[in-house]
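Overview (structure and organization)
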Amino acid sequence: MLVFVDSYKHKDKHKDKEHRHKDHKKDKERERLKHNSDHRDSDKKHRDKEKLKHKDGSDKPRDKDKYKDKERRKEEKVGKMTKWIKKQRREDRRKTMRQALKIVFTYFVYASACHLSLKFSIIIIIFLIKDIKPKKKTKDKKGDVPDGKKKAKKEPEEKWKWWEEERYTDGVKWRFLEHKGPVFAPPYEPIPGNVRFYYDGKQMKLSPEAEEVATFFAKMLDHEYTTKDIFRKNFFKDWRKEMTPEEKAKITDLSKCNFTEMSVYFKAQSEARKQMSKDEKLKIKEENERVLQEYGFCVMDNHKERIANFRIEPPGLFRGRGDHPKMGMLKRRIRPEDVIVNCSKDSKHPKPPPGTKWKEVRHDNKVTWLVSWNENIQGSIKYIMLNPSSRIKGEKDWQKYETARRLKKCVDRIRNQYREDWKSKEMRIRQRAVALYFIDKLALRAGNEKEEGETADTVGCCSLRVEHINLYPEKDGQEFVVEFDFLGKDSIRYYNKVPVEKRVYKNVQLFMENKQPEDDLFDRLNTSILNKHLQELMDGLTAKVFRTYNASITLQQQLKELTNPDENVPAKILSYNRANRAVAILCNHQRAPPKTFEKSMQTLQTKIDAKKDQLSDARRELKSAKADAKVRRDEKSKRAVEAKKKAVERIEEQLMKLEVQATDREENKQIALGTSKLNYLDPRISVAWCKKWEIPVEKIYNKTQREKFAWAIDMADDDYEF
DNA sequence: ACAACTACTTAGAAAGGCTGAT
DNA sequence: ATCAGCCTTTCTAAGTAGTTGT
């Protein structure tokens, strides 16, 4: 909670903006509440309470220019907004009119065909038209949506700026929560009779239960998973559990099972799906949209918020990452009876599908999830939660970066501290200090201990084993080199050779003494000891804060270093990507090189070559035009020279762009930028950079990312310092 | 002190779908 | 109109870290 005191101080200069904004907003709120007058009394009470909370804050003198500038920007915005709203209303009226005309027309066609009387017709028409408008109103009421959201498919007229409101401080996550519950996986559709399964060369009809599990395997037949022993063993064991006694008796060897017809059938199905007509595709799209509108949103504290994963995971075969001991196991189908629903007491509770019951309905506002269920592979709990653009996720994200910024203020002290601790008499303190040094310097993850045999064998810092490191007194001209080679999260390999300080080197040497390769390097340390220590050094400090801090500070430094003010926009963006890349490398965010990488690189090179040819042609033409102009000395040839010059410049620029693109892509071959961008880089750094160099923020963040980082885009100025 | 449980963030792969070239 | 190639979205596994119970 203390975290926010800080951030609020920082926000002082935004405050006047907030106030003006709020008045405007209040009016809107009032209007909306009028519309929703029948919507839950208690809810309204909360809102009133909330409103009271927001009234505090004082006006402090501040930088005049900035103030003016902001005001101007805001006015522009508001002006645009009203224009937009008006336009929407106009369009709505037109739409209504068109709708009415259509109904009348349709009716008349029908009426004349049926020879109905005019009087009767008029009554009917009046009735029909009357129905157009009220219908909309009921819709608005129901969804608790600021109107315009549904009518206009584009952006709703004004996004809720939750970051300008006060937060809950008492561990309460919400006061009101209403949703429709999860969407369940569609029931199993048996395959047609002509798609057969063979056991030991003979056709065999499977019971629906066994057949369903067989199809899971058949769908994965092309994947190398299905060739792995553990996968096959786990699958077969779980499959047999679904078989009838007869099937069980007969099917005893997986290698005698022939799933090819099923596999071919599913491939044909997906092919057919691709070949569907536009109309059919549109229909599916519309249906998906309908489901999204119904189940994809919830109401949390008076605001409609997007849900991240409203669909319950369908049954299938578990696919772990890396060498997972449980790969191939059957992930069972989740039924309403497995599901716990969380919502507020005074909300309209979601209904379980007809004839079913929820496992439980609870009203716990100390948590953020809407739905949970137990998963059968690891025995863990799965949740349905909100989208990253939601208040509840955004606040937390913002808070995360504020904690990292607080670390920035005391990181020197902490670094000095752990350097001191390398000399400690106590082994546990030295281990702690060395581990922390690695976490800080190399951005390693904390490394919780894991239950053996339950998951793939991966490690983080605290769980490193002797076998994961090698020591070299000297390597490649550097002294005291530690070589790391281990599998980290998602079984991604971490390989790095780092020269370290002598003291660290000696310590590691000592930690490794008299140990087997499979022994823990830090035998006196675990994540909870480390985090407890960190907590003492700074409120809210944990191991992962170092990753966030180092990632963000690296981005900021790299941007300062790499951005060349004289370069054009694409070149600046390349610099941004390079800064981003430096972070991704630090955090070891890797990806499998795209399957089409070589090819796409080649086509790009072809394009570059073609562009080069084009450029030399253009240059030649320019030369001859110049020569021509020298001889002729008339207006026309002069103009021709100018035109050629322009053409050359244009082509030069295009070539530049392509070359930049090629460099960017090549450097990005095995590196994934997305993860750091989404989870480690304070978005305000990027936003500030964009503003400073007048780069449209869309060049850096796509639509989803802009939604997630709306708070940062709104509040960061060009001079923001992490 | 620790193990087990819970809640939430971080992660890469795969699927989906858009777009510009042909 | 089609299709490849790319970016976006979805999916859900795999982490971190706090809490609870023994």
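Residues numbered from 1 in each chain as written. Chains lettered and ligands numbered in written order. Predicted model: local features only at pLDDT ≥ 70, side-chain atom pairs only at ≥ 80, totals over all residues. Heavy atoms only, no water.

Quick look at the nonpolar core
By size, the foremost hydrophobic cluster in this structure holds 79 residues, and its most contacted members are Phe-438, Phe-484 and Phe-522. Residue contacts for Phe-484: discarding those within four places in its chain leaves Phe-438, Leu-442, Leu-444, Leu-464, His-468, Ile-469, Tyr-494, Tyr-495, Asn-496 and Val-498. (Core = buried A, V, L, I, M, F, W, Y, C linked by side-chain atoms within 4.5 Å. Buried < 20%, exposed > 50% of the residue type's maximum accessible area, 1.4 Å probe, protein only. Contact = heavy atoms within 4.5 Å.)

Observations regarding the protein's contact with DNA strand C
Around DNA strand C there are 29 residues in total, and Arg-321, Lys-382, Gly-447, Thr-458 and Thr-704 lie nearest to it. Sugar and phosphate atoms represent 87% of those atoms of DNA strand C found within 4 Å of the protein. Lys-450 is positioned such that a nitrogen or oxygen atom in its side chain is 2.9 Å from a phosphate oxygen of DNA strand C. A distance of 2.8 Å separates a phosphate oxygen of DNA strand C from a polar atom in the backbone of Lys-544. The set of elements that each furnish at least two residues to the surface near DNA strand C consists of α16 (543-562) and α18 (597-632). A class-by-class count of the residues in the surface near DNA strand C yields four nonpolar, 13 polar and twelve charged. (Near = heavy atom within 4 Å. Polar contact = N/O pair within 3.5 Å; in protein donor to acceptor, adjacent residues only side chain to side chain. Helix = DSSP H or I, 4+ residues; strand = E, 2+ residues; numbered from the N terminus. Nonpolar A, V, L, I, M, F, W, Y, C, P; charged D, E, K, R; others polar.)

As for the packing of α16 against helix α21 (residues 683-693)
Between two packed helices, the angle of one axis relative to the other and the distance separating the axes together describe the packing. The N-to-C vectors of α16 and α21 enclose an angle of 15 degrees; their axes lie 9 Å apart at closest approach. Here α16 lies roughly parallel to α21, going by the angle between them. Crossing angle aside, the handedness with which α16 passes α21 is right-handed. Between α16, through Ser-552, Leu-555, Gln-556 and Leu-559, and α21, the contact on the second element is made entirely by Ile-685, Ser-686 and Trp-689. For the contact of α16 with α21, the per-class residue count stands at four nonpolar, three polar and no charged. (Axes fitted to C-alpha atoms, helices over the stretch in contact; angles between N-to-C directions. Parallel < 35°, antiparallel > 145°, perpendicular 65-115°, else oblique. Left-handed = near helix turned anticlockwise from the far one by under 90°.)

Some remarks on the environment of Leu-370
Looking at where Leu-370 falls in the secondary structure, it is placed in the loop between β10 (360-362) and β11 (371-374). Owing to a relative accessible area of 0%, Leu-370 belongs among the buried residues under this scheme.

Side note on the protein's contact with DNA strand B
DNA strand B sits among 26 residues. The nearest are Lys-393, Lys-489, Arg-547, Thr-675 and Tyr-680. Within 4 Å of the protein, the contacting atoms of DNA strand B are drawn from sugar and phosphate to the extent of 84%. With respect to DNA strand B, the side chain of Lys-173 contributes an N or O atom lying 2.9 Å from a phosphate oxygen. Contact distances for DNA strand B include 3.0 Å between a phosphate oxygen and a side-chain N or O atom of Lys-544. If you list the elements that add at least two residues to the surface near DNA strand B, you get β12 (381-384), α12 (391-421), α16 and α20 (674-679). In terms of residue count, α12 provides more of the surface near DNA strand B than any other element does, three residues in total. Split into classes, the residues belonging to the surface near DNA strand B amount to eight nonpolar, six polar and twelve charged.

Comments concerning the sheet that holds strand β4 (residues 257-258)
Paired through backbone hydrogen bonds, the strands of a sheet run either parallel or antiparallel to each other. Read across the open sheet, the three strands follow the order β3-β2-β4; overall the sheet is antiparallel. Both outer strands of the open sheet, β3 (202-204) and β4, are each paired with one neighbouring strand and no more. (Pairing = 2+ DSSP bridges.)

Thoughts on the UniProt feature "domain: DNA topoisomerase I eukaryotic-type" (unreviewed entry) in chain A
Per the UniProt record, "domain: DNA topoisomerase I eukaryotic-type" (unreviewed entry) is annotated on residues 317-694. Secondary structure content for residues 317-694 is 51% helix and 11% strand, and the end C-alpha separation is 49 Å. (UniProt positions renumbered as here; feature names shortened; annotations may be inferred.)

Looking at helix α8 (residues 229-242)
The end-to-end C-alpha distance of α8, which contains 14 residues, comes to 20 Å, matching closely the 20 Å that a straight helix rising 1.5 Å per residue would cover. Buried within α8 we find Phe-231, Asn-234, Phe-235, Phe-236, Asp-238 and Trp-239. Turning to α8, the residues buried within the fold contact β2 (197-199), α7 (208-219), β4, β7 (316-317) and β8 (330-331). (Expected span 1.5 Å × (residues − 1).)

Quick word on unusual backbone geometry
At Asn-514, a residue that is not glycine, the phi angle is positive and equals roughly 55 degrees. Note on placement: Asn-514 falls in the loop between α14 (502-512) and α15 (527-537). Within the chain, Glu-694 stands out as a residue other than glycine whose phi angle is a positive 55 degrees. You can see Glu-694 is positioned in the loop between α21 and α22 (703-708). You can call Glu-694 exposed: its relative accessible area is 68%.

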